[in-house]
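Topology and contacts: notes
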Amino acid sequence: MTRLLDVRDLRVEFRTRDGVAEAVGGVSYGVDAGRTLAVLGESGSGKSVTAQAVMGILDSPPAFVTGGQVLFRGRDLLTMSPRERRSVRGAAMAMIFQDALSALNPVLTVGAQLAEMYEVHRGMSRKDARARAVELMDRVRIPAAKARVNDYPHQFSGGMRQRIMIAMAIALEPELIIADEPTTALDVTVQAQVMDLLDELRREYAMGLILITHDLGVVADVADEIAVMYAGRIVETAPVRELYRRPAHPYTRGLLDSIPRVDHKGKELYAIKGLPPSLLTVPTGCPFHPRCPRAQDICRTERPPLYEVPDATDTVAPGRASACHFWKDELDA
Ligand code: SF4
Ligand code: MG
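Only a predicted model underlies this, so the values are computations on that prediction, with no experimental measurement involved.

Overview of the site of ligand 1
Around ligand 1 there are 13 residues in total, and Cys286, His289, Cys292, Cys299 and Cys324 lie nearest to it. Taken together, the residues of the shell around ligand 1 break down into 9 nonpolar, 3 polar and 1 charged.

Okay, structure coming up:
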């Protein structure tokens, strides 16, 4: 079966005055229709840059895609004609950003912005497009949508604005949504509501969803698979339950151990020591070695490839991999 999105060995460089940074160093991931892939990592890990390269919205220069493929239903977006690419990315793929206030136009009412999608892409009359805008606001559960359709973005709360962003994203019924930290700016209860809404729409429209986040707590209930990124590379991929139960990379374990848990109340929260590296000075060998509690000599000199990792019944599970020389020890730990 052809995957909805299949990113293969994607490479992105930043060419800066201080040197060349390999912001994305050969990332492969994918998602099927109706499924959710969470891409997890600290800021600066390359997760947003990868998504921007997939969407074709990288700021270039200084960012350049230097290799790889972005297959959408089997066709490579990177080698399509600009016109073809625009038509795929305009209608079949949509993106949701963390900051709805800067992603929405401040001087247009939300109704006008939603209606514009239908006028431009579907050739609807203004009146019909307006009616669809209200339906859409209803669908993302904005209370009193009809009365609020002529309000401006700043008149909505953060959570309501993020719902409007979601409405914009689903307006043309895309096959794939990439959501980059969609709930990070919101408080915890609102986060959960927005996440539930996204999850529900993903199911209803059988969309593929790529959920980018630094917060492992956000993804447990909604993701099917997880790809963990560090220093511009994927360090672990796994079905979500496997990853929580049996992480195969010390970085993943560190992230899991730093989630606040009710049963650990009062205990001090674990924090991974040190900071993620600058992409201009990625450590030799395993990029995680300066922070890794398990590091050995080999880790300083030899970069670990992505090893295939068997599941609990000792069969090689598709999509289970770890970029750690000592993944077996980590699994057994
Ligand atoms: Fe740690 Fe070495 Fe594994 Fe890297 S390869 S994660 S440094 S044990
Ligand atoms: Mg980011």
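Section: unusual backbone geometry
A positive phi angle, near 60°, is found at Arg141, a position not held by glycine. Counting through the fold element by element, Arg141 comes out in the loop between helix H5 (126-139) and helix H6 (145-148). Of the residues examined, Arg141 has 14 C-beta atoms within 10 Å and is grouped as partly exposed.

Some thoughts on the pairing of strand S3 (residues 36-40)
Across the 5 residues that make up S3, a large majority, 5, are buried. On S3, burial covers both faces: Thr36, Ala38 and Leu40 on one face and Leu37 and Val39 on the other are all buried. Sheet topology places S3 next to strand S9 (residues 225-230); 4 bridges connect them, and they run parallel. Paired with Val39 across the bridge in S9 is Ala227.

Here we look at the confidence of the model for the protein chain
Averaged over every residue, the pLDDT of the protein chain is 91; residues scoring 70 or more account for 96%. Of the two predicted TM-score estimates for the complex, the pTM is 0.94 and the ipTM is 0.97.

Overview of the packing of helix H4 (residues 110-122) against H5
As a packed pair, H4 and H5 sit with axes 8 Å apart at the nearest point and diverge in direction by 120°. Here H5 runs oblique to H4, going by the angle between their axes. The crossing of H4 and H5 is right-handed. Contacts between H4 and H5 involve Gly111, Leu114, Ala115, Tyr118 and Glu119 from the former and Arg126, Ala129, Arg130, Arg132, Ala133 and Leu136 from the latter.

Looking at the pairing of strand S8 (residues 208-213)
Among the 6 residues that make up S8, 6 are buried, leaving the element largely enclosed by the rest of the structure. Along S8, one buried face is formed by Gly208, Ile210 and Ile212 and the opposite face, lined by Leu209, Leu211 and Thr213, is buried too. Where S3 meets S8, 5 bridges bridge the pair, whose relative direction is parallel. Along S8, the bridge assignment pairs Thr36 with Leu209.

Quick notes on the rules
Residues numbered from 1 in each chain as written. Chains lettered and ligands numbered in written order. Predicted model: local features only at pLDDT ≥ 70, side-chain atom pairs only at ≥ 80, totals over all residues. Near = placed C-beta within 6 Å. Nonpolar A, V, L, I, M, F, W, Y, C, P; charged D, E, K, R; others polar. Helix = DSSP H or I, 4+ residues; strand = E, 2+ residues; numbered from the N terminus. Buried ≥ 20, exposed ≤ 12 C-beta atoms within 10 Å, placed from the backbone. Pairing = 2+ DSSP bridges. pLDDT = per-residue confidence, 0-100. Axes fitted to C-alpha atoms, helices over the stretch in contact; angles between N-to-C directions. Parallel < 35°, antiparallel > 145°, perpendicular 65-115°, else oblique. Left-handed = near helix turned anticlockwise from the far one by under 90°. Contact = placed C-beta atoms within 7 Å.

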